[in-house]
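The lines below spell out each chain.
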Amino acid sequence: MNIAFVGCGFVFDIYMRTRRAHPELTVVGLYDIRPDRLQQACAYYGLTAFPSLEALLADPKVDLVVNLTNIHAHVEISRKALKAGKHVYSEKPIALSVEDCQALFDLAAEKNVTFSGAPSNIFADNVRTLFRAVETGKIGKPLLVYAELDDNPIHKMEFQKVLSPSGAPWPLAEEVREGCTYEHVGYHLIWICALLGPVTRVTAYSKELIAAKDPTLEDFVGVPDYSVACLDFANGATARVTCSVVAPRDHRMRVIGHDAEISTDSYRHYRAPVYLESFTKAGLSARKFRTLRDHLWLGRRLGIGGRKIKLARNWKSEAVEKHNQPGSSLKTRAVEWLRRREVYAQDKFIGIAEQVRSLQQGTPQYLTPSFLMHINELTLMIQNAGTEGICQKPTTDFEPLGPIPGTL
């Protein structure tokens, strides 16, 4: 299928890392409102630049539009693409109101096209492995989820100096103005809700803690850099999700059941190891000993932390297992290998690939409109909770999704 990107900033390069693992998707061109950035990206990747958004949408070769614009432009760009009869895949959040989100899905249905969106980590191998452990009863009834998304103290990271491979600057000012909840919390909400079902109540709090996160901006921008939410689910389970750019990096994902815990280190590393810890009196008692907690290699002998289990694979696992960029130097390949092994290995193309695969097979989209609207509403609720906090019921709902497709 032919796809075109609208917006080719920093995140565009992350998408392009795994483009060659998806030969069924042909990138026919790009558009960006910044002509210099558009030409820079096209030159680096050898792609065609559309002279305008209207030209892109009028091109009959374009089947699907990938919307990578800034958050406040998501609705406008998605609406124009849907009106033009294009399938659309949007970065998160889809919209900044429940009404706008609903209107986009209604428009997609009217035009008989599909509308889907990020994040794609729901299709990661480590998430599939978590799901399989729960579905096969390895942990007993799931009771509690702890999900961390602390992404380092932003004011210490000098992101203003970071450039993508094709030369796009890291969008520090935009990230600060939008906030880490809008930008990040969906990475956890998508897998938690797909696993546990719809949320019936949100208890949340958000606050801005750090001034001068960007030297070019005022001290406080009025957008939370920390949020925490407790989610109650229709199936009786509970989840706690924490999101910040205040605390040191911590991306752990834990599902605690009646009999065991299944966990992995990162939503951002699709092949991150997954550990299953069965609850025994000896193992749980061993956690009391500091030496066993401090020396995990020793503690694991008594069950602390559990045992590593075999990762599930999917039809696109190879996308994050090998270098996909042609013509790279040996140094670049070495750096990329280290990144994939130690830091993160994600395939942002997989969400588009799953959308297209469903289209070509004539099967329903796994990420249903009602599910994506639910994720969008939860994101808005947590972001906007404020220092007074909220305890509210979402207005959206969805039917459980079932097993993740594409698992081998």
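Report follows, based on the coordinates. (Residues numbered from 1 in each chain as written. Predicted model: local features only at pLDDT ≥ 70, side-chain atom pairs only at ≥ 80, totals over all residues. Heavy atoms only, no water.)

Attention shifts here to the packing of aromatic side chains. One pass over the structure, following the stated rule, counts twelve aromatic pairs. Residues phenylalanine 371 and phenylalanine 398 carry aromatic rings whose centres are separated by 5.0 Å and whose planes lie at 85° to one another, so their mutual orientation is edge-to-face. With a gap of 27 residues between them, phenylalanine 371 in helix H15 (residues 369-383) and phenylalanine 398 in the segment after strand E14 (390-392) connect regions that are remote in the sequence. Neither phenylalanine 371 nor phenylalanine 398 differs from the other in exposure class; each is buried. In textbook terms, an aromatic cluster arises when at least three aromatic residues are bridged by ring pairs, as seen for Phe5, Phe12, Tyr15, Tyr44, Tyr45 and Phe349. (Phe/Tyr/Trp six-rings, centres within 6.5 Å; stacked < 30°, edge-to-face > 60°. Helix = DSSP H or I, 4+ residues; strand = E, 2+ residues; numbered from the N terminus. Buried < 20%, exposed > 50% of the residue type's maximum accessible area, 1.4 Å probe, protein only.)

Once that is clear, we can look at the sheet that holds strand E2 (residues 26-31). Pairing within the open sheet is parallel, and its five strands lie in the order E2-E1-E3-E4-E5. Unpaired on one side and paired on the other, E2 and strand E5 (115-117) mark the two borders of the sheet. Pairs of neighbouring strands in the sheet enclose a mean axial angle of 20°, with direction left out of account. Relative to strand E4 (residues 87-90), strand E3 (residues 64-67) runs parallel, the two being bridged by four bridges. Residue pairing across strands places asparagine 67 opposite serine 90, the latter belonging to E4. Relative to the sheet, helix H4 (residues 74-83) contacts strand E1 (2-6), E3, E4 and E5, its axis offset from that of E4 by approximately 165°. (Pairing = 2+ DSSP bridges. Axes fitted to C-alpha atoms, helices over the stretch in contact; angles between N-to-C directions. Contact = heavy atoms within 4.5 Å.)

This part is about helix H2 (residues 35-45). All of the buried residues in H2 are Arg37, Leu38, Ala41, Cys42 and Tyr45. Along the axis of H2, the buried residues cluster in a sector spanning 130°; they form a single face. Opposite its buried face, H2 presents the exposed residues Pro35, Asp36 and Ala43, each directed more than 90 degrees away. For H2, the secondary structure elements touched by its buried residues are helix H1 (10-16) and E2. A positive phi of about 70° marks glycine 46, the residue just after H2. (Arc of directions from axis to C-beta.)

So, on to the sheet that holds strand E12 (residues 274-278). Pairing within the open sheet is mixed, and its nine strands lie in the order E13-E12-E11-E10-E6-E9-E8-E7-E14. Strands at the two margins of the open sheet, each flanked by one partner only, are strand E13 (307-309) and E14. The mean inter-strand angle of the sheet, taken between neighbouring strand axes irrespective of direction, is 15°. Sheet analysis places strand E10 (residues 253-257) next to strand E11 (residues 260-264), joined by four bridges and oriented antiparallel. In the sheet register, valine 255 faces E11, and the bridge partner there is isoleucine 262. Of the strands in this sheet, strand E6 (142-150), E10, E11, E12 and E13 touch helix H6 (residues 125-135), which is tilted by about 170° from E11. Its contacts with the sheet put helix H9 (residues 186-196) on E6, strand E7 (199-207), strand E8 (226-233), strand E9 (238-244) and E10, and the angle it makes with E6 is roughly 170°.

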